[in-house]
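Residues per chain are reported as follows:
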Amino acid sequence: MTEPRNAGPSPVHERLRRLLFLVPFVSRNPGITVEELSRALSMKKEDLLEDLDLLTMVGRPPFQPDDYIDIYVDGDRVYVDLDQRLSAPPRFTAAEATALAAAAELIRPAAGDALSTALAKLEKVLPSGAQRRFREMERKIDAQHEAPPDLGNLTRAILEHKEVEFDYFSPARKQTERRGARPLELFSHRGQWYLNAYCLRSNDRRLFRVDRMQHLEVTDRPFSAEPTPTRGSVPNPVRPTGEVKVRFSKVAAPYVLERFGTSARRLPDDGLEVFVSADQAWVTQWVLSFGGEAEVLEPPAFREAVAQAARALLSDAPSETTVLPPRADAAGGRQETGE
Amino acid sequence: MDRTERLLDLVALLLDATDPIPWAEIRESFREDYGTGSEDAAERKFERDKAELLELGIPIAYVQGDDERRDGYIVDREAYYLPDVQLTPEETAVLYAAGSAALASGAFPGAQDLSHALRKVGFLAGKPVPTPKVRLDLGTADAGPELAGKLEALWAASSARKFVDLAYWSPRSGHTQSRKVDPYGLALRRGIWSLVGYCHLRQGIRTFHVHRIQRLTVNPSKPRSADFEVPKDFSLDRYVASQPWQHSFHDPVPVTVELRNELTALAERLLPGAVIERSDGVALATVTATFIDGLSRYVLALAPNARIVAPAPARERFAEMAKKVLGRHTEVRS
């Protein structure tokens, strides 16, 4: 696509903002290494050294030697001797406070009261003009995120390295079981929350869907955390090596392409064929969620499972035998992740 | 002098001053920048610099002099410095977790503002903040730099109240159309970012999925003056659907879904906002739907323990979809 015009703050604005932070930050952390400083400011080392160079030329009239900022690198460490009153960064701008408040909404269910009190404290110290602007801008961004209440306790267990136990509904086993796990990381994928954890039953890492957990308990059993746990991710079920072949009508095709990428074969009638790697329960739900615009072509057992589910819906007495798990949206990843 | 350097020099000058500094003195101090050319041109240049500083949160003000002091510019130091707001370690941790989760998603409007805000939170904490273990994956096929670029541009346009020209692709029609939109705001629901704004073509408030915007131009003229006002009673939440049955396609209709077996206990989780009645192991959940097809597809995926039972047209639509599924899966394929 064309590069959007006016994308974000101007380079001068960005640089000034960084420099006004850099001086007080180094004053507060004298002797910080160039490496650490560039990491703290998310910038390349070369760019940082250029910024430090520029700062040595900043001062105030009449520009006598003592009127300049004295910031220097000694060995590999950075020091400030004269900060020219840049002893603390400027207050939050309305835009900074708005972005932070919007981000806060993402984890509000996990954060409890601390988030509300933190935001209230920050709003109080906005410059007076910025407060009005903040309230105006706050209406312009809404990152509301549905999340189960267990998130708060899971976050705590992750931070305190405590094992957890919970009842987990497993669609493949069609039953709910008590599970134990060492929680490593929580993440939200397309609005669905997952716990990336070391499962004490399988002795391996597993993903658990938080909305399928019940009766969560944070135990007193500590565990030593991996220094950098591998990030969990929900695999895309649509992939060329999948063993289940699904056809989509022309109506559904654009949505499937948009969501699952381009590893699909386009058909002459503008429909699509894709290969999926997932279990029968997941495929059945997925296909049903397209309301007749998707069809399992093979294998026959998967095809029959969809037909059977549709038949059960059309009969008067609901089936008591096949129990499928709840799904949150039609476009989740592989669902049997906690197995 | 380089503009960044000049602006920083101005900050240093004004932060140090105890008395207002007259324009003539500023002009004299920065002779190279404001001293050459006409008085008008110099003043305009200074006004632009002043606007930039105000945007950075530097409270620069002009004060009228009196017997005691001269006319001139001054910065209120108290109002400039970020005060210690005394965040508890827990508060710092949640702010960090929230900000990092948003940045980790790869696309968040105002990402640069957010990074700066987090640095300031870190400054207040005075010590390293533990790396949060909470993150957000948008999980869309195209969540990446492109989406991030569009969100940044829309965020800037929405903040400055500048209209945008979009090339918008609709999966329903399969076509791309040009739309002129006054961007009122951005909302995230189920991993999808939406732009809500006044569409000049449709002459009404419309919602656009940001990832479906193929090209985007923010009105480049007069960047500092607003093109539109957002109506006072506008609320983003009213225009974005959190659930598949909340897209606005028809008038609101109460629709009842029956849940059985394992799903009975999960009624509140499955149908948020529904009025729920339970008896004999069955839950009847009634939601207000503005998109019965969306609800039907959602309930189909809960088969076989969920179905739409009322009103009749919704029940029939649901059965029609189930029949279509069955038809497709019982046909003998050549």
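Notes on the structure follow. Bear in mind that the values here come from a model prediction, so they are computed numbers and not experimental data.

Some remarks on the overall build of chain A
Part 1 of the reasoning: Of the regular secondary structure elements, chain A holds eleven helices and 13 strands.
Part 2 of the reasoning: The 339 residues of chain A split such that 56% are buried.
Part 3 of the reasoning: Carbon and sulfur atoms form 49% of the exposed surface of chain A, whose accessible area is close to 14,400 Å².

Considerations on the interface of chain A and chain B
Part 1 of the reasoning: With 133 residues of chain A at the interface, the matching set in chain B holds 132 residues.
Part 2 of the reasoning: Where chain A abuts chain B, roughly 11,900 Å² becomes buried across the two surfaces, and 61% of that area is made up of carbon and sulfur atoms.
Part 3 of the reasoning: A salt bridge links B:Glu91 to A:Lys121, with the shortest nitrogen-to-oxygen separation between them at 2.8 Å.
Part 4 of the reasoning: Inspection of the region where chain A meets chain B yields 32 residue pairs in polar contact (both at pLDDT 80 or more).
Part 5 of the reasoning: Element by element, the count of residues in the side of chain A that touches chain B is highest for helix H1 (residues 11–28) of chain A, at 13 residues.
Part 6 of the reasoning: Across the side of chain A that touches chain B, the residue classes break down as 71 nonpolar, 29 polar and 33 charged.
Part 7 of the reasoning: One ladder, built from two bridges, connects strand S4 (residues 141–142) of chain A with strand S5 (residues 176–189) of chain B; its direction is parallel. Paired with A:Ile141 across the two strands is B:Leu186, which belongs to S5(B).

Section: the sheet that holds strand S11 (residues 265–266) of chain A
Residues and elements named next belong to chain A.
Part 1 of the reasoning: Strand order across the open sheet formed by four strands is S11-S12-S10-S13, with antiparallel pairing between neighbours. Two strands bound the open sheet, and with one partner strand each, they are S11 and strand S13 (294–298).
Part 2 of the reasoning: The strands touched by helix H9 (residues 253–260) are strand S10 (244–248), S11 and strand S12 (272–276); relative to S12, the strand with the most contacts, the crossing angle is about 40°.

Notes on the packing of aromatic side chains
Part 1 of the reasoning: Tallying each qualifying case throughout the model produces 27 aromatic pairs over all chains.
Part 2 of the reasoning: The interplanar angle of 25° and the centroid separation of 5.7 Å between the aromatic rings of A:Tyr72 and A:Tyr79 together place this pair among those described as stacked.
Part 3 of the reasoning: Ring plane angle 80° and centroid distance 5.4 Å describe the contact between B:Phe108 and B:Trp193, whose orientation is recorded as edge-to-face. Residue B:Phe108 is located in the loop between helix H6 (89–104) and helix H7 (111–125), and its partner B:Trp193 is located in strand S6 (residues 192–199); the two are separated by 85 residues in the primary sequence.
Part 4 of the reasoning: By relative accessible area, B:Phe108 is classed as buried at 2%.

Overview of the pairing of strand S11 (residues 282–289) of chain B
All names here are of chain B.
Part 1 of the reasoning: Inspection of the sheet shows strand S9 (residues 253–259) paired to S11 by seven bridges, in the antiparallel sense. Paired with Leu 259 across the two strands is Ala 283, which belongs to S11.
Part 2 of the reasoning: With antiparallel pairing between neighbouring strands as the criterion, strand S10 (residues 275–279) and S11 make up a hairpin whose turn holds two residues, including Asp 280 at a positive phi of roughly 50°.

Details of H6(B)
Part 1 of the reasoning: The terminal C-alpha atoms of H6(B) lie 22 Å apart, and with 16 residues this matches the ideal 22 Å at 1.5 Å per residue to within 8%.
Part 2 of the reasoning: Listed in full, the buried residues belonging to H6(B) are B:Glu91, B:Thr92, B:Val94, B:Leu95, B:Tyr96, B:Ala97, B:Ala98, B:Gly99, B:Ala101 and B:Ala102.

Focus: a negative patch on the surface
Part 1 of the reasoning: A cluster of acidic residues, A:Glu46, A:Asp47, A:Glu50 and A:Asp53, forms a negative patch on the protein surface.
Part 2 of the reasoning: Mapped onto the secondary structure, A:Glu46 falls in helix H3 (residues 45–55).

The rules we used
Residues numbered from 1 in each chain as written. Chains lettered and ligands numbered in written order. Predicted model: local features only at pLDDT ≥ 70, side-chain atom pairs only at ≥ 80, totals over all residues. Heavy atoms only, no water. Helix = DSSP H or I, 4+ residues; strand = E, 2+ residues; numbered from the N terminus. Buried < 20%, exposed > 50% of the residue type's maximum accessible area, 1.4 Å probe, protein only. Areas by Shrake-Rupley, 256 points an atom, 1.4 Å probe, with all protein chains shown as cover. Contact = heavy atoms within 4.5 Å. Buried area = accessible area lost by both parts, 1.4 Å probe. Salt bridge = Lys/Arg side-chain N within 4 Å of Asp/Glu carboxyl O. Polar contact = N/O pair within 3.5 Å; in protein donor to acceptor, adjacent residues only side chain to side chain. Nonpolar A, V, L, I, M, F, W, Y, C, P; charged D, E, K, R; others polar. Pairing = 2+ DSSP bridges. Axes fitted to C-alpha atoms, helices over the stretch in contact; angles between N-to-C directions. Phe/Tyr/Trp six-rings, centres within 6.5 Å; stacked < 30°, edge-to-face > 60°. Expected span 1.5 Å × (residues − 1). Patch = residues over 30% accessible without salt bridge, like charges linked within 9 Å, V, L, I, M, F, W, Y side chains within 5 Å. Lys, Arg positive; Asp, Glu negative; His and termini not counted. Charge placed at Lys NZ, Arg CZ, Asp CG, Glu CD.

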